[in-house]
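Architecture and fold: a report
Each chain is listed here by its residues.
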Amino acid sequence: MQTAVIVFPASNCDRDAAVALETHTGKAPHMIWHKDTSIPDDVRFVVVPGGFSYGDYLRSGAIAAQSPVIKDLKQKAEAGLPVLGICNGFQILTEAGMLPGALMRNAGQKFVCKISRLRLANAQTRFTKLYDAKHEIDIPVAHHDGNYFADDDTLRRIEGSGQVVFRYVDNPNGSRGDIAGIINQAGNVLGMMPHPERAIDPLHGGTDGSNIFKSILGSL
Ligand SMILES: NC(=O)CC[C@H](N)C(=O)O
């Protein structure tokens, strides 16, 4: 199955995302430079990877959200293409208006780099259906702007419609509602601050991230 990773200036988790996709599909993804204006039609799943696109200037993800390829990504996502935004990728998807809310500076003002324990807030999405809803999972985080914010109305709406997918057990960044990951209303765009692509091999210290890739790829 053909997948793709979008690469921005100063993406640094694009290779990890590519390894995760190749591990789960047996096929190398297309690496799509952000200046490309379209995503090839054979692509069935896109990862917007982590990193420090444009040096995190202005706001993390704000400049990358204006990249030419985002227009086509938006159109294809609206038509149903599944998209996973990881860390800086999540920031880019919120800045592009593809997911609600914003990622602000961590409450502690420091970069946080550790394994975080997550609860499944919704184990029935296309990205999480292979998880046991009762299990907690360990996935690494590495960010300075992971403090999820949404206004009260938005928060009520996403909580009410099952769009909160992951919550931190031990909130490392001050996110409202301990939110670590959310999905769009249509259920095909997931954004999360933790890095599932860094938890797919026992050599990573754990494989709890694998089921995200298996769930979404298995749904295609
Ligand atoms: N690992 C990442 O993607 C980091 C995201 C972003 N640059 C931040 O520090 O918040």
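Residue indices follow the written sequence of each chain, beginning from 1 at its first position. Local features in this predicted model are restricted to residues whose pLDDT is 70 or higher, and side-chain atom pairs enter the listing and the counts only when it is 80 or higher, whereas totals over whole chains, interfaces and linings include all residues.

Put simply, the test is: UniProt positions are given in the numbering used here, feature names are shortened, and annotations may be inferred rather than shown by experiment.
The name given to the chain in an unreviewed UniProt entry is Phosphoribosylformylglycinamidine synthase subunit PurQ, with the source organism recorded as Algimonas arctica. Heading Subcellular location (unreviewed entry) of the UniProt record for the chain holds this comment: "Cytoplasm". Per UniProt, the comment on the chain under Pathway (unreviewed entry) is "Purine metabolism; IMP biosynthesis via de novo pathway; 5-amino-1-(5-phospho-D-ribosyl)imidazole from N(2)-formyl-N(1)-(5-phospho-D-ribosyl)glycinamide: step 1/2."

**Structural notes on the site of the ligand**
For clarity, the cut-off: As used in this record, a residue near a molecule or strand is one whose C-beta atom, placed from the backbone, is within 6 Å of it. Only Asp, Glu, Lys and Arg are considered charged, only Ala, Val, Leu, Ile, Met, Phe, Trp, Tyr, Cys and Pro nonpolar, and every remaining residue, Gly among them, polar.
Within the structure, the ligand sits among 13 residues, and Gly50, Cys87, Asn88, His143 and Asp145 are positioned closest to it. Among the residues forming the shell around the ligand, the class breakdown is 4 nonpolar, 7 polar and 2 charged.

**Some words on the nonpolar core**
Test applied: Each nonpolar core consists of buried Ala, Val, Leu, Ile, Met, Phe, Trp, Tyr and Cys residues. Their C-beta atoms, within 7 Å, join them into a set. Counting other C-beta atoms within 10 Å of its own, a residue is labelled buried from 20 upward, exposed at 12 or fewer, and partly exposed in the gap between, with every C-beta atom placed from the backbone. For the purpose of contact definition, each residue receives a C-beta atom placed from its backbone, and two residues are in contact when these atoms lie within 7 Å.
Core analysis: the biggest nonpolar cluster contains 62 residues, and Val5, Ile6 and Val46 have the highest contact counts within it. In contact with isoleucine 6, other than residues within four places in its own chain, are Ile32, His34, Val46, Val48 and Val69.

**A look at helix H3 (residues 88–95)**
Filter applied, for reference: A run of H or I in DSSP counts as a helix once it spans at least four residues, and a run of E counts as a strand once it spans at least two, with each numbered from the N terminus.
The buried count for H3 comes to 8 of 8 residues, which makes it a mostly enclosed element. Positive backbone phi, approximately 80°, marks glycine 97, located one or two places after H3.

**So, the UniProt feature "active site" (unreviewed entry) in the chain**
Mapped onto the present numbering, the UniProt feature "active site" (unreviewed entry) falls at Cys87, His195 and Glu197. The greatest C-alpha distance among the annotated residues, which extend across 111 residues, is 10.9 Å, indicating that they converge on a single site. Take cysteine 87: it is sitting in the loop between strand S4 (83–86) and H3. Each residue touching cysteine 87, except ones within four places of it in the same chain, is listed here: Cys13, Gly50, His143, Met193 and His195. With respect to the helices, strands and loops of the structure, histidine 195 is situated in the loop between strand S11 (189–192) and helix H5 (210–218). Given 25 C-beta atoms within 10 Å, histidine 195 falls into the buried group.

**What about the environment of alanine 121?**
Within the element layout of this structure, alanine 121 appears in the loop between strand S6 (112–120) and strand S7 (136–143). Counting along the chain gives 93 residues from alanine 121 to alanine 28, while the straight-line C-alpha distance between them is 31 Å. The residues contacting alanine 121, other than those within four sequence positions of it, are Val164, Val165, Phe166 and Arg167.

**Overview of the pairing of S11**
Within a regular strand, side chains alternate between the sheet's two faces. As a reminder, the rule being used: Two strands make a pair as long as DSSP finds a minimum of two bridges between them.
Of the two faces of S11, the one carrying Val189 and Gly191 and the one carrying Leu190 and Met192 are both buried. Note that S4 and S11 share 4 bridges and pair parallel. Directly across from isoleucine 86, in S11, lies its bridge partner methionine 192. Of the pairings in the sheet, the one linking strand S10 (residues 179–183) to S11 comprises 3 bridges and is antiparallel in character. Counterpart to glycine 181 in the pairing with S11 is methionine 192. Hairpin connection of S10 to S11: 5 residues between the antiparallel strands, including glycine 187 at a positive phi of 85°.

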